Amino acid sequence: MVTLNPGQNAGPNTWLKAFPHAAGKMQSPVDIKTSLVVQDPQLLQRSLSWTYVPKNCKSLLNTGEGWKVIVEGQDSCLTGGPLEHSYQLVQFHCHWGKCCNSGSEHTVDGKGYAGELHLVHWNVDLYNSVEEALASPKGVAVIGIFFQVGKHNEELMKITDVLHDIANKGNECTLPRVVDPAAFIPEVHDYWTYEGSLTTPPCHESVTWVIFKKPIEVSEEQLEKCRSLFSSTIKAIVNGEPVPGKVTQNVRPTQPLNDRTIREAPY
């Protein structure tokens, strides 16, 4: 007999109790309604630019909500576009769902994608630590990259091939092959940008989002490997013993845009 642990239903709907920022007016993710996007010529004045050092992608961690690559961000830099400062890569992680159209956190005209990769950077010009930046205005810049099901992704394979080594929450391993974050950037660099929040607790409204319009392809097999991770925060009780559940989805629902503007560069 299998019964559900009460904690199994502890999802985004419960965050407000412990994390009041989650009730803010600038929360993420959002649905990007393309008919309402504003073209902003100022985004062309300084091209969005990134420099990453692949060897600085040090380890792979099971956070209990998914996988995360931990980065020593020295010499990495994200600048330009909507950003007024320099931002340094600190980690990247992925969101996915149970099926190929419900795994992205952001949606476009109501449509979801199979997954979404987040490259997380912190403002090294204004703040002295990642922790300070995460809770501060203009503290964070996140690049979002949509996944659509298609051919095998060679760069992602360097991660998904070793997910069995971090099956349970808290497991961490070194990456046996060098992963290049820049290899995930789509060939077409058109993007949307807006001001929002972290999509996980504590949901600080400190993020400038850059969402690339063009998705990259990953295979269904790679997504299944992501779904095979175990979380000790989601359990069933089997014969009286707790059994970790699999992270079959780790997506926060879209939040109201309120009075924010989503911008794009003219093209």
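Structure: see above.
Remember, predicted model here, so these are calculated numbers, not experimental data.

Draft legend 1. Local environment of the pairing of strand β10 (residues 115-123). Counting buried positions over the nine residues of β10 gives nine, a clear majority of the element. With nine bridges joining them, strand β8 (residues 83-96) and β10 adopt antiparallel strand pairing. Directly across from Y87, in β10, lies its bridge partner N123.

Draft legend 2. Layout of empty space enclosed by the protein. Under the criterion given, the structure shown has one cavity of 30 Å³ or more. The computed volume of the largest cavity comes to approximately 30 Å³. Around the largest cavity, the lining residues are V90, V120, H121, W122, V130, A133, L134, G139 and V140. Of all the secondary-structure elements, those providing two or more residues to the lining of the largest cavity are β10 and α2 (130-134). Residue classes in the lining of the largest cavity are distributed as seven nonpolar, two polar and no charged.

Draft legend 3. Focus on the state of the cysteines. For the structure on display, the rule yields zero disulfides. In this structure C94 is not part of a disulfide, and its nearest cysteine sulfur, from C226, lies 5.0 Å away. With no disulfide of its own, C173 has C57 as its nearest cysteine by sulfur position, at a separation of 13 Å.

Draft legend 4. Region of the structure containing helix α4 (residues 220-227). Within α4, the full set of buried residues consists of Q222, L223, C226 and R227. Within α4, the buried residues cover an arc of 145 degrees as seen down the axis, which keeps them to one side.

Draft legend 5. Representation of the side chain of Q91 within the structure. Mapped onto the secondary structure, Q91 falls in strand β8. The class for Q91 is buried, based on a relative accessible area of 16%. Side chain to side chain, Q91 and H93 meet in a polar contact 2.9 Å long. Excluding residues within four positions of it along the chain, Q91 makes contact with K68, V69, V71, H118, L119 and V120.

Draft legend 6. Broad picture of the pattern of salt bridges. One pass over the structure, following the stated rule, counts 10 salt bridges. One salt bridge in this structure joins K138 and E195, with 3.8 Å as the shortest N-O distance. Of this pair, K138 sits in the loop between α2 and β11 (140-149) while E195 is found in strand β13 (residues 191-196), placing the two residues 57 residues apart along the sequence. Taking relative accessible area as the criterion, K138 reaches 35% and is therefore assigned partly exposed. A relative accessible area of 22% places E195 in the partly exposed class. Of the charged contacts in the structure, one is a salt bridge between E220 and R227, with a shortest N-O distance of 2.8 Å. Given a relative accessible area of 33%, E220 falls into the partly exposed group.

Draft legend 7. Main features of unusual backbone geometry. Each neighbour pair has its own omega, and for S28 with P29 the value is 5 degrees, a cis peptide bond. Here P29 lies in the loop between α1 (15-18) and β2 (31-32). One non-glycine residue, D75, lies in the positive phi region at around 75 degrees. Of note, D75 is situated in the loop between β6 (67-71) and β7 (77-80). Despite not being glycine, C203 has its phi angle at roughly 60 degrees, a positive value. Note on placement: C203 falls in the loop between β13 and β14 (207-212).

Draft legend 8. Fine view of the environment of G103. One can find G103 in the loop between β8 and β9 (107-108). Note: C-alpha distance between G103 and K213 (110 residues apart in sequence) is 16 Å. Leaving out residues up to four positions away in the same chain, G103 has contacts with H95, W96, G97, Y113, A114, G115, E116 and V251.

Draft legend 9. Broad picture of the pairing of β13. Of all six residues in β13, five are buried; the element is thus mostly enclosed. Inspection of the sheet shows β13 paired to strand β18 (residues 263-264) by two bridges, in the antiparallel sense. Of the residues in β18, the one forming a bridge with W192 is E264.

Draft legend 10. Representation of the environment of G73. Along the polypeptide, G73 turns up in the loop between β6 and β7. A relative accessible area of 5% means that G73 is categorised as buried. In this structure the C-alpha to C-alpha distance between G73 and E205, which are 132 residues apart in sequence, comes to 22 Å. Residues contacting G73, with those up to four places away along its chain left out, are Q88 and L89.

Parameters and conventions
- Residues numbered from 1 in each chain as written.
- Predicted model: local features only at pLDDT ≥ 70, side-chain atom pairs only at ≥ 80, totals over all residues.
- Heavy atoms only, no water.
- Buried < 20%, exposed > 50% of the residue type's maximum accessible area, 1.4 Å probe, protein only.
- Helix = DSSP H or I, 4+ residues; strand = E, 2+ residues; numbered from the N terminus.
- Pairing = 2+ DSSP bridges.
- 1 Å grid on protein atoms, 1.4 Å probe; cavity = no way out; pocket = protein on both sides within 12 Å on 5 of 7 lines; lining within 4 Å.
- Points joined across faces, edges and corners; volume = space filled by probe spheres on them.
- Nonpolar A, V, L, I, M, F, W, Y, C, P; charged D, E, K, R; others polar.
- Disulfide = S-S within 2.5 Å.
- Arc of directions from axis to C-beta.
- Polar contact = N/O pair within 3.5 Å; in protein donor to acceptor, adjacent residues only side chain to side chain.
- Contact = heavy atoms within 4.5 Å.
- Salt bridge = Lys/Arg side-chain N within 4 Å of Asp/Glu carboxyl O.

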